[in-house]
Structures are given as C-alpha cells and as structure tokens.
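# Structure at a glance
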Amino acid sequence: MVINKTLGFSTRGNGHLIDVTSHVNGVLTESGIRSGILTVFVVGSTAAITTLEYEPGLIKDMAELYDKLVPANKRYAHDDTWGDANGFSHVRAALQGPSLTIPFEDGSLYLGVWQQIVLADFDHRPRQRNIVVNIIGE
C-alpha cells in the first residue's frame, strides 16, 4: 500500500527549524500501515529535512554552523541571476537535502530517543512550507 499526505507549516525563514515528528507520526498512525518505509520530503529549493536532537542548544549550534559554512552576508551568483538575495538559502538547502527516509515496524518509526524529524527553512523571509509524507508498506 502507498499513502501520500501533504502537511503545511508557517515558518519564519532565516534558518527556522521546526520539529515535525508528531505530525509525521500522526500521518503514520492514521494510515494504519504497520510495517514499511516512510519518506518526508519538503517542497521547495530553499528548505530541507533532517533529523537532530531538537533542543535550544543544538538549534543555536546549527544556526552557527550554517552561518560559518554558507554565510548569508556573502554575494552568490544566484543573487546576480535572479536578484532575490537568497543564494545562501539555496546552497544551505542543497547541502542538507530535501528528504529523509525512515523505516518503521509495528506502526513505530525507527527513531532514536533523542532523534526528531526537523524541517529547516533557509529562505530569507517567512514562508508557507509543504512537506509530503509518503508511506510504503503493509
């Protein structure tokens, strides 16, 4: 069986991280599928999906890491192409990746105790983001 469900989230942009684990678990529970794989995919080229321990210290650490690796105050060729000043957000999202696949059994995701599913919005402004939860299983 295959199930697809789209979930919407309002973000603040600028590296805003949102714990979407409970929402994803809700889709899995609602599906009634007991065993298989679940993929979470964010629609858009300036956002990403990852897992991490969603706590204030690590959220700050991640913001600092993104700023060091891909500074927002640098000029990017993308900015020259489109004039939208968000080249950094595209690069950050490409590094992180748009999707995550998680196996599950007995209706429970194989996540660690401190491992949450996180939506990262890197754009330079607030956005309405959609994630697609795709479940394949039986």
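As a starting point, this report considers the structure included with it. All of these numbers come straight from a predicted model, not from anything done at the bench.

Its 14 residues place the ends of helix α2 (residues 56–69) 20 Å apart at the C-alpha level, agreeing with the 20 Å of an ideal helix rising 1.5 Å per residue. Two or three places before G57, at the opening of α2, E55 has a side-chain oxygen 2.7 Å from that residue's backbone nitrogen.

Tallied over the full model, the rule gives five salt bridges. Taking the shortest distance from any N to any O, the salt bridge between R92 and D67 comes out at 2.9 Å. Separated by 25 residues along the polypeptide, R92 in helix α4 (residues 87–96) and D67 in helix α2 bring together distant segments of the chain. R92 sits in the buried class, given a relative accessible area of 5%.

Let us look at the packing of aromatic side chains. Throughout the structure, instances matching the rule amount to one aromatic pair. A ring pair is formed by Y66 and F122, whose centres lie 4.7 Å apart and whose planes are at 80°; its orientation type is edge-to-face. Of the two residues, Y66 is situated in helix α2 and F122 in the loop between β7 (116–121) and β8 (127–137); the sequence distance between them amounts to 56 residues. By relative accessible area, Y66 is classed as buried at 8%. Judged by its relative accessible area of 0%, F122 falls in the buried class.

Basis of the calculations
Residues numbered from 1 in each chain as written. Predicted model: local features only at pLDDT ≥ 70, side-chain atom pairs only at ≥ 80, totals over all residues. Heavy atoms only, no water. Helix = DSSP H or I, 4+ residues; strand = E, 2+ residues; numbered from the N terminus. Expected span 1.5 Å × (residues − 1). Polar contact = N/O pair within 3.5 Å; in protein donor to acceptor, adjacent residues only side chain to side chain. Salt bridge = Lys/Arg side-chain N within 4 Å of Asp/Glu carboxyl O. Buried < 20%, exposed > 50% of the residue type's maximum accessible area, 1.4 Å probe, protein only. Phe/Tyr/Trp six-rings, centres within 6.5 Å; stacked < 30°, edge-to-face > 60°.

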